[in-house]
Amino acid sequence: MAEERRFLSASGVPIALRRRQHSASCRELAVRGPRLQLRSLSAATSAVWLAAYGLFALCENSMVLSAAIFVTLIGLIIYLHFVKIDQESLLVIGSLGIQVTSAYASGKESTTFIEMGQVKDVVINEAIHMQKVIYYLCILLQDPEDPQGVSEVVPLFQSSKPRLDCLIEVYKSCQEILEQRKTAPQSS
Amino acid sequence: MVLKVFFPSCCSSADSGILIGRWISEQNSAVILAVVHFPFIPVQVKQYLGEVQRVTKVSVSVLGSWSNSKQEKEESLSEFLEDLGTIFCHEPWIQISKEGDSKFWSCSILQKHSKKPQEEEIILVYYDQRKVMLSHLHPPLDTAGQGAEDASKLSAIFDTVARSQVLFMTDRYDEGPIKLTHWQSDGVEASIIVELLKQASVPACMLLTFLLSLLSGICRSRVLKFWPLSFLWSKLSTCEQLGHRLQHLQVVSSNKKAPNQNQLMRKANIFVSLLIDVALGILLMSWLYRKNRIGHLADTLIPVADHVAEELQDLLQWLMGAPAGLKMNRALDQVLGRFFLYHIHLWISYIHLLSPFIEMILWYVGLSACLGLTVALCILSDIIALLTFHIYCFYVYGARLYCLKIYGLSSLWRLFRGKKWNVLRQRVDSCSYDLDQLFIGTLLFTILLFLLPTTALYYLVFTLLRLLVVIVQGLIHLLVDLIDSLPLYSLILRLCRSYRLAAGVKFRVLEQQDGKPLRLLMQINPLSYGGVVQTYRLPTYSCYPRDSWASLCKKLFLGELIYPWKHKGDKQN
């Protein structure tokens, strides 16, 4: 059972939230950002090559041109593999844990799995970012020594930065599953 | 409460039988290790499980039944499987059945003493048994000191599979009463080369240990401990590096098996690091000795030293004139300048005295590059230190003079104001001086103050030269440290067999069908390269920086001698 809704990110870019319910205690929430635009790619490439031609006209060394091509290729590969995040997803499996995945434009996926025993709660926090106040969803990790304390805060959806309406949907889905672990009787 | 069943993916096509594994009641999860096939005698199965439990200390028991029917469901088989639940009583009794080639299995639980007759949700998690067995979970550092009830439930699963290795030793060709299916049931694999190496390594290690004990005995003998020699050994970085590598060799050649994973990785890292070091050293040596490059190097050494000395002489002549337009005190200038010039003259004479022997010395010293690239780099650093010894001397003279001047000035300034430094109370007290004391003090203060620019300029110039040499030496030592401490074996393991170093797990949701249990695939999430380097870094003998930038600047201003690179054995001052 999958459904997709469109929202806006904190900077005004359109994003899409996709919710899938795999079973009663397993849900997947994925936020997809916009793909790499051909416009911005051509603009960046043309700027670099114009600068290279300008330098070539000044110093008559053809190495500048090959260096520019090299730099463009390497820069594009680094951008796609390390910087551009296409999709961020949250997989909540009740009684196992929460898995946070970031999928990059080159296909690389970086995953973190947090066990349910370490998760204290999932909350929406406010933060002051430059001149704005933005909302972000985060996982609070339990402090092993102090049952009331929080040892770490793991922020989610950091590159797509959804707005509050999208975050509320994600929050409600997560809380439905997290509540199950409170109502379920603990085995000895 | 949700029941989790960890099923090995190698058993997906196994014939019908009963499931054996470990039941972790705190987590309500069952880790299935193998499938025992029909026909079997229950008593023998229980005996076998008891033996396995004794050897591995893992509470292995019969958890349920597995039926893999190629045709449609056989009614008699399912009743038979339920009856098995009464023979091997286990609470809860898990029944998994697969029809034909269907991906979606049906899973049910039988609870005999069910006080709560609610439908439990079942999650089926597939895992790769071989990878989970070989993998080593790296917990984050802050939870490393937890007890048995720690938050990491996954480590219990990894632990169970890793410790049950003896269970995986019986394969289908064994003539035993029990027929198992697990990841190695098609035959235990071993490599002849690995076995041969293991056999050969024992005498090799013993020989190496004997040689090393001889060597360390010689090094520790009283002959080498006399004062000039011991001072020399402590100052030369080559000897430190050789001592460090000797320690490494001792670790590698010890006969004792490594007690845990960390020690094993450390030994392997040291071994690979030594190997790469020696290989690079031999490469360097072959490059140096081909086309007699070392002869050319020796030939250019003396002219370079001469050139440096000439440049210094020009610098001193410039300082003795009017450097940068500043007006110096003529008499002091001439004294200091002539003093340093004489030093340079002595230095050049010594270098020229040594010049016929340089080529031979360098040739033999270059041979020691076969001990490793790090040793060659340390020798280079020592040669630079020896060649620029005069700069070091000048720096020390200039610094001492400047330091004396600053102390004198500060003490006389206090006298000027009518105060005194109380050594007992470590503070400044007021003091009444006699007239003649004040008179002489003021005179001395004036003299020192007006001679300050000259001394300060000499100090500045020589400190800058010394810092330049220190920076070059520091870069070489940084490179040596990098080669020493990089865990190459761990990095190669992370590249080729990334499942061995696990930072955690990741789950992938497989195709689902309504009414069937949730299917997940558990894969190993490997440690990042940065994490690998941080966890398995080899310790080195130097740690720097010694001083923070603020204290360094303060020392430079006051004229105290600076030794920016500290070694671990040095006492703190």
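What you see is a predicted model; the values in this text were computed from it and never measured. The residue numbers shown here count from 1 along each chain, following its written sequence. Note on labels: chains are lettered from A, ligands numbered from 1, in written order. Predicted model: local features are reported for residues with pLDDT of at least 70 only, side-chain atom pairs are reported and counted for 80 or more only, and whole-chain, interface and lining totals are derived from all residues. Computation of side-chain values: all heavy atoms of the structure, hydrogens and water removed.

Engineer: When you look at the pattern of salt bridges in this model, what are you seeing that I'm missing?
Structural biologist: Residue and element names in this part refer to chain A. By definition here, a salt bridge exists when the distance from a side-chain nitrogen of Lys or Arg to a carboxyl oxygen of Asp or Glu is within 4 Å. Under the counting rule described, the total for this entry stands at 11 salt bridges over all chains. A salt bridge links R19 to E3; the nearest nitrogen and oxygen atoms lie 2.5 Å apart. Here R19 is found in strand β2 (residues 14-23), whereas its partner E3 is found in strand β1 (residues 2-8), with 16 residues between them in sequence. The salt bridge involving E169 is made with R5; its shortest N-O contact spans 3.1 Å. Taken together, the residues E169 in helix α3 (residues 164-183) and R5 in strand β1 connect sequence positions 164 residues apart. By relative accessible area, E169 is classed as buried at 17%. Residue burial is assigned from relative accessible area. The probe radius is 1.4 Å, only protein chains are included, and a residue is buried under 20% of its type maximum, exposed over 50%, and partly exposed in between. The partly exposed category is assigned to R5, whose relative accessible area is 40%. Secondary structure elements are taken from DSSP: a helix is a run of H or I of four residues or more, a strand is a run of E of two residues or more, and numbering for both begins at the N terminus.

Engineer: Explanation requested: the side chain of D306 of chain B in the structure shown.
Structural biologist: Residue and element names in this part refer to chain B. Residue placement: D306 occurs in helix α9 (residues 293-320). Under the counting rule used here, the positive set is Lys and Arg, the negative set is Asp and Glu, and His together with the chain ends is not counted. Comment: no salt bridge for buried D306; closest opposite-charge side chain is R466, at 20 Å. Setting aside chain neighbours within four positions, we find D306 in contact with I348 and H352. In what follows, residue pairs with any heavy atoms lying within 4.5 Å of each other are defined as contacts.

Engineer: What is the right way to read the interface of chain A and chain B from this model?
Structural biologist: Size of an interface, as often reported, equals the accessible area lost when the parts are brought together. Across the boundary between the two partners, chain A contributes 23 residues, which contact 22 residues of chain B. Note on terms: buried area is the combined drop in 1.4 Å-probe accessible area of two parts once they are placed together, counting the loss on both. For the chain A and chain B pair, buried surface summed over both sides reaches about 1900 Å², with 59% attributable to carbon and sulfur atoms. Counting the surface chain A buries against chain B, the share from its top three residues, S95, L96 and E115 of chain A, is 26%. Each polar contact in these results corresponds to two N or O atoms within 3.5 Å; when the atoms are within protein, one needs to be able to donate a hydrogen and the other to accept it, and residues that are neighboring in sequence are counted only if both atoms are side-chain atoms. At the junction of chain A with chain B, the criterion picks out 5 residue pairs in polar contact (both at pLDDT 80 or more). Counting residues per element, the ones that place at least two in the side of chain A that touches chain B are β2, β4 (85-93) and β6 (109-115) of chain A. The leading source of residues in the side of chain A that touches chain B is β6 of chain A, at 4 residues.

Engineer: What's the story with the nonpolar core in this structure? I'm lost.
Structural biologist: Only buried residues count toward a nonpolar core, which is a set of Ala, Val, Leu, Ile, Met, Phe, Trp, Tyr and Cys residues joined through side-chain atoms within 4.5 Å. Judged by nonpolar contacts, the single largest core of 48 residues is most densely connected at I93 of chain A together with I20, V45, F507 and M522 of chain B. Every residue in contact with M522 of chain B, bar those within four places of it in the chain, is listed here: F6, V125, Y126, Y127, V132, L154, F158, V505, K506 and F507 of chain B. Core analysis: the second largest hydrophobic core is formed by 25 residues, V92, V100, V119 and L156 of chain A among them.

Engineer: Just to check I follow, could you spell out the UniProt feature "transmembrane region" (unreviewed entry) in chain A for this structure?
Structural biologist: All names here are of chain A. UniProt positions are given in the numbering used here, feature names are shortened, and annotations may be inferred rather than shown by experiment. Within this structure's numbering, the places UniProt gives as "transmembrane region" (unreviewed entry) are residues 41-58 and 64-83. For residues 41-58, the end-to-end C-alpha separation is 26 Å, with 100% helix and 0% strand making up the annotated structure. In the segment residues 64-83, helix accounts for 100% and strand for 0%; the C-alpha atoms at its two ends are 26 Å apart.

Engineer: Which parts of the structure should I look at to understand helix α2 (residues 63-83) of chain A?
Structural biologist: Three- or four-residue spacings in an α-helix give side chains the same orientation, since the helix completes a turn every 3.6 residues. Residues and elements named next belong to chain A. Between the first and last residue of a helix there are one fewer steps than residues, each counted as 1.5 Å, and that sum is the expected span. With 21 residues, α2 ought to run about 30 Å at 1.5 Å a step, and its terminal C-alpha atoms sit 28 Å apart, in line with that. Every buried residue of α2 is accounted for by V64, A68 and T72. One side of α2 holds all its buried residues, which, seen down the axis, span an arc of 85 degrees. Residues of α2 that are exposed and point more than 90 degrees away from the buried face comprise M63, F70, I77 and F82. Buried residues in α2 make contact with α1 (38-59). Note that the arc is computed from the directions linking the helix axis to the C-beta atoms.

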